[in-house]
Every structure is written in structure tokens, then in C-alpha cells.
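A look at the structure
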Amino acid sequence: MGTDFRASEKVMSEYPQTHLYIGGIWRDGSKERLSIVNPASDEVIGTVANAGRDDLDEALATAATGFTAWSRISAFERAKLLHKAAQSLRDRVETIATIMTLEQGKPVAESKTETLAAADMIDWFAEEARRAYGRVVPSRSVNVRQVVVKEPVGPVAAFSPWNFPLNQAVRKVAAGLAAGCSVILKGPEETPASCAELVRAFADANLPAGALNLVFGIPADISNHLIPHPVIRKVSFTGSTSVGKQLAALAGAYMKRVTMELGGHAPAIVFDDADVDLAVRILAGAKFRNAGQVCVAPTRFLIQEKIYARFLDCFVKAAEAVKVGNGLDSGTTMGPLANGRRLEAMDLLVTDAVSRGGKVATGAKRIGNRGNFYKPTVLTDVPLSALVLNEEPFGPIAVVSSFSTYDAAITEANRLPYGLAAYAYTTSGKTSAALSRDVQSGMISINHHGLALPEVPFGGIKDSGYGSEGGTEAMDNFFNIKLVTEAI
Ligand code: NAD
């Protein structure tokens, strides 16, 4: 596979120590720092500050005063500041991308794309800040004026994961700040430094102290402290369904507004009439991007009988063409898995599938014994009882099955409690219209991969969560609605 560890050694010195950011100051936490491991080499490359209760209390206090200050700045000025933060990311894209690849493993081209996409996200929400219109409601009396206004909900506790260290965080931070909220962001402890660079972009743009705070530590200690606290008015979490359910229950007990972006198990349905080459190219790209550690990654490949053999053959070739290696090496198209837990999960899912009669069409093996490298994997003949067809694999495993009728495909697509993304390929307008009605998911992308742009909603239904992290809907999650009715 040609992994060049020297590449990571060369840039190790570029990996920064990560601090907390509280009240406009970068500082250490009161607990012992946590180690960061490069998933391509297993080497410790740095440490991250670890917040104690005292640090969290300071973050809460400064988020309260920061909210007062920030929410009173006009939307026009807030937008200008957000645009500056976006530019700061663009100006530093090379540095940030290297940091992200060192700690998360993804190919540096993907890290650059993620950084630039985060800048676009900030720009879009900056503009939306200026369009947070209210409404005038015609009244029952000529002497009454009724106005509906949007007000920022208050300080937000935001929890973002390690798979997209910038892009999961920026959706919460940019939309929240654009709406006039202050934010305490709990970043990902395993990939903290690139996430901290996002916060640095806002610091560079002179965001008022306390409007954005960054903490790291023991996730459960932080959520248990922040969510019930009266200062926090909204909770936004991206991560697994099991943790999401715990946090939503806690937030519910304290009547906090919630957005949950949780796991998925996306079906990709390819009909006999589809452009098979197009479907293989786009779906293989979507499957193996970020080593499959993507909540919207296609996992259940449902292929109509007539084209099943051809699709499988082409898809296996596409999987075998993926160049696995150190994300810093040019030519690498898939890096290591981000942590050892994912490697163990892949082994468990494959062993379980094979023990139930599943067949390995390609991959299904760790590569080497240093770093978390795993072969792009395609499984067939997997029974519905297998773990991999029920739990989110969050890794480079595709399960390819065949179906005969439209109804059979829909039944399988909707079988799981997840409902995040879905994909379909067909040249029939009728089938496509029916799919967009019948598939139970928050997003469906037909004949292309069109998810996750700033201007479109991003979110799931059922166990995949609720609330949106894109489009105007994302801003609405950070507003209270107030009616002002006045006799004049
Ligand atoms: P995990 O379920 O323990 O953690 C998932 C995320 O939630 C991590 O970022 C973690 O820091 C955070 N977290 C965990 N417990 C928390 C708590 N009590 N309070 C606040 N945050 C908490 O496991 P993991 O090994 O990190 O990830 C495994 C699974 O999580 C994956 O298989 C995938 O299903 C899911 N995941 C989903 C996304 C996504 O984009 N939706 C991102 C990362 C992980």
C-alpha cells in the first residue's frame, strides 16, 4: 500500500498543542491533558487540554455575558465578522488541512475540501443572519399591530464528533452565531487541533469574548454539567444514536431545545434502467470517502436483479482501485480509520456477517500492523440478521444485495429505525418520483450525490435524529419566536 511514515514525521512539528478557549483566552484546563494519536502511525503527536468543572463554570459564565454582548450587535455587523472568520480559514487552508490529516487520517485533499467547505458554510450563514425576517400579522382591529420577531434562543451547548472535525462543528457554530447566540463548543477530544483552528478563525475576526468558547474533556462529564445548567438554552449534538438518545432525554428533563444529528445506514437503490457506470463511480466515491466514517455514507447497496452481476463486478473493481495509505502521501485516496475502535468494529462486523453465510467479494482485512488501515470491503449474500445490516458500520464496508421489485426495495430501504440519507439511480421519472415519496429518510439524492451544501437542509428522521443543520431550517433552530401585539 506504500504508506510513507516519514511524511508524517516531517510535519509532526506542525501539530499544535490544543487549548481551551474561554472568555476570549486560550488556556489550559484544570485536569491532566489528554494524548492525541496519529491514526496512520499510532504515534502520540500532541495533547489537548482537559476541562474540569471549574473551567466549565467559567465557560458558562462567559457564555452568558457573551450572549448579552453578541446578541446586541446588529445582524449586519455580525455578518461582517462571520465573513472575516471564513476568510481566516481560507487563508490558512494548507496548515489546517495538514493538522486535520495528522490527527484524523483522511487524505489531505479531503481535509482541504473540508476546510474550504467550512468557510463556505460560515459565509452562507453570515448572509442568512441578515435575512432573519419577522412577520406582520393582520390584526382583528385597526388599532392593534401584531408583529412576529425572531430572537436568538440564548447560549448553546454544542457537541461535535471526530469524523469531520471542522464540518460537524461549523454547522452549529456558524448558524448559532449568525442567529445571535453564544456557543460553548465541546470539540472532539481525538481530533481537537483542527477544530480549534475553526475557533481561532472567529478569534482572529475579533468575536466578542464569551460569544464562542471551546472545551474538551470527558464527554459525559461535560454534557452532564452543561445541559442541565440554567444558562444553556439549546443543545446541539452530532454523534451516535445511543448517545443522542441519552442527551435528548437529559435536555428534555430540563426543557432545553434540541437538534440531534445521529447515525444512519443509508440504502443505495440501483434499478435495472440506471446508468450503472455513473452509479458505481458516485456511490464508490461516497462509500470510501473519509474511510466510510460518514453518517450519510451509502451502506446497503440494493441492486435490481438484471444489473446485479455487472454492478457488483464494477463496484468491486472500484473498491480495489482505492489507494489506501497515509493521508499526507500524494495519491492516497483513503486514509486509516480514525481510531482503534473502528478497526475492532470492522473486524466484528465482518466476522459476524461471514459466520452467518455472508461472502467477502473483496477486502475484509486490516492492512499491516501499524496505523488503522483497513481494506475497502464489499460483502455479498449477507442475511438481514447480520449486525452489519442493522448497525451503522461507520467504516469502509459496502453490503451488496439484489432485489426484484420496486416494493421489495422500498421495504428493505425502510426496514431499519434509521432515516438519514438515501440514494437511488434510475432513468425513469416515474420511479424517481415514487422513490422521493416512499423512502423514509431526511434526505434522498437521486442520480447524483447532492447532500450537505450550506443552503440545503441536512438532517434525519426516526432514530437518525431531528432538526436540520443546513439551509434556513438550521437558523430557525437557534431562534425563539416572539409575538408582539400592541394597541396603538
Ligand atoms: P460514541 O458513541 O461514544 O461517541 C460518538 C460521539 O459522541 C463522539 O464524538 C463522543 O465524543 C461523543 N460522546 C460520547 N458520549 C458522550 C456524552 N455522554 N456526552 C457528550 N458527547 C458524547 O462512540 P465513537 O466510537 O466515538 O463513535 C462510534 C459511533 O458514533 C459510530 O459508529 C457512529 O455511529 C457514531 N458517530 C456518528 C457521527 C455522525 O456524524 N453522526 C460522528 C461520529 C460518530
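Conventions adopted
- Residues numbered from 1 in each chain as written.
- Predicted model: local features only at pLDDT ≥ 70, side-chain atom pairs only at ≥ 80, totals over all residues.
- Heavy atoms only, no water.
- Helix = DSSP H or I, 4+ residues; strand = E, 2+ residues; numbered from the N terminus.
- Expected span 1.5 Å × (residues − 1).
- Contact = heavy atoms within 4.5 Å.
- Near = heavy atom within 4 Å.
- Polar contact = N/O pair within 3.5 Å; in protein donor to acceptor, adjacent residues only side chain to side chain.
- Areas by Shrake-Rupley, 256 points an atom, 1.4 Å probe, with all protein chains shown as cover.
- 1 Å grid on protein atoms, 1.4 Å probe; cavity = no way out; pocket = protein on both sides within 12 Å on 5 of 7 lines; lining within 4 Å.
- Sits in = over half its atoms within 2 Å of the grid points.
- Nonpolar A, V, L, I, M, F, W, Y, C, P; charged D, E, K, R; others polar.
- Domains from an automatic or database assignment.
- Pairing = 2+ DSSP bridges.
- Axes fitted to C-alpha atoms, helices over the stretch in contact; angles between N-to-C directions.

1. A look at helix 11 (residues 305–321)
For helix 11, with 17 residues, the first-to-last C-alpha span of 25 Å sits near the 24 Å given by 1.5 Å per residue. Check the buried side of helix 11 and you find it contacts strand 12 (266–270), helix 10 (276–288), strand 13 (298–304), strand 14 (359–362), strand 15 (377–380) and strand 16 (397–403).

2. Notes on the site of the ligand
If you check the shell around the ligand, you find 22 residues, and the closest are Trp162, Ser223, Ser240, Arg341 and Glu392. Leu262 places a main-chain nitrogen or oxygen 3.3 Å from a nitrogen atom of the ligand. Interatomic distance of 3.5 Å between a side-chain N/O atom of Arg342 and an oxygen atom of the ligand. In isolation the ligand has 790 Å² of accessible area, and contact with the protein removes 85% of it. Its atoms largely coinciding with the cavity grid, the ligand occupies the largest pocket. Going through the elements one at a time, helix 8 (219–226), strand 10 (234–238), helix 9 (241–253) and helix 12 (340–355) are the ones with two or more residues in the shell around the ligand. For the shell around the ligand, a count of residues per class yields 11 nonpolar, six polar and five charged. Two domains share the shell around the ligand, each providing at least three of its residues, namely domain 1 (5–262 + 465–484) and domain 2 (266–454).

3. Focus: the sheet that holds strand 13
Strand pairs in the sheet, formed through backbone hydrogen bonds, run parallel or antiparallel to each other. With mixed pairing, the seven strands of this open sheet are ordered in space as 14-15-16-13-12-17-18. The open sheet is flanked by strand 14 and strand 18 (443–446), the only strands paired with a single partner. Strand-to-strand twist of the sheet, defined as the mean angle between neighbouring strand axes without regard to direction, takes the value 25°. Its contacts with the sheet put helix 10 on strand 12, strand 13, strand 15, strand 16 and strand 17 (421–425), and the angle it makes with strand 13 is roughly 160°. Along the sheet face, helix 13 (residues 406–413) touches strand 12, strand 13 and strand 16 and points at about 170° away from the line of strand 13.

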